[in-house]
Amino acid sequence: MASLLPFVLIVAMMWLLLIRPQQQRVRRQQTLLQALEVGDDVDTAGGMIGRIRSLEGDRVEIELAPGIVVPFLRGAVSQRVVDGPDAGAAGDDEETIVLDDHDDDR
């Protein structure tokens, strides 16, 4: 019985340090993807920042620059981008990128 205790402790530590945080990240990402709306500024997994123009099932059309609309899979959206003075009150810091106030190219 005493020889089983270290094994149980190792499994518990692995769960706390590896599995549980990954499950929380996946849950947060799924919540973000479900909450996307037209007009949201987002960052894609490839690092492109743009504004959502349409949502259709698992497809998202993102306007990267005026007149440049590119289709993406919904899962390619990695974060919401907050621009302006309300950037500090955005909520979840891990899902938010704050742009400078003078970023007026969009």
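Residues numbered from 1 in each chain as written. Predicted model: local features only at pLDDT ≥ 70, side-chain atom pairs only at ≥ 80, totals over all residues. Heavy atoms only, no water.

### As for the confidence of the model for the protein
As a general rule, the predicted coordinates of low-pLDDT regions are not to be interpreted in detail.
Right, on to step 1. Across the protein, the average pLDDT comes to 83, with 77% of residues at 70 or higher.
Right, on to step 2. Here residues 89–93 scores under 50 on pLDDT; set against residues more than four positions off or in separate chains, the count is three contacts. (pLDDT = per-residue confidence, 0-100. Contact = heavy atoms within 4.5 Å.)

### A few points about the nonpolar core
Right, on to step 1. Membership of the largest hydrophobic core is limited to 10 residues, which are L32, L33, L36, V42, I52, V60, I62, F72, A76 and V77.
Right, on to step 2. Once residues within four sequence positions are removed from consideration, V60 is found in contact with I52, S54, L55, V70, P71, F72 and R74. (Core = buried A, V, L, I, M, F, W, Y, C linked by side-chain atoms within 4.5 Å. Buried < 20%, exposed > 50% of the residue type's maximum accessible area, 1.4 Å probe, protein only.)

### Re the environment of E63
Right, on to step 1. Considering the arrangement of structural elements, one finds E63 in strand β3 (residues 59–65).
Right, on to step 2. Distance in space between the C-alpha atoms of E63 and I49 is 8.6 Å, their sequence separation being 14 residues.
Right, on to step 3. If we ignore the near neighbours within four places in the chain, the residues touching E63 are G50, R51, R53, I68 and V69.
Right, on to step 4. Within the structure, E63 has its side chain in polar contact with the side chain of R53 (distance 2.5 Å).
Right, on to step 5. Reaching out from E63, the side chain makes a polar contact with the backbone nitrogen of G67 at a distance of 3.1 Å. (Helix = DSSP H or I, 4+ residues; strand = E, 2+ residues; numbered from the N terminus. Polar contact = N/O pair within 3.5 Å; in protein donor to acceptor, adjacent residues only side chain to side chain.)

### Topic: helix α1 (residues 4–34)
Right, on to step 1. Along its 31 residues, α1 runs 43 Å from first to last C-alpha, staying within 8% of the 45 Å computed at 1.5 Å per residue.
Right, on to step 2. Approximately 40° is the largest bend angle found in α1, and it occurs at W15. (Expected span 1.5 Å × (residues − 1). Bend = angle between axes of the 7 residues up to and from the residue.)

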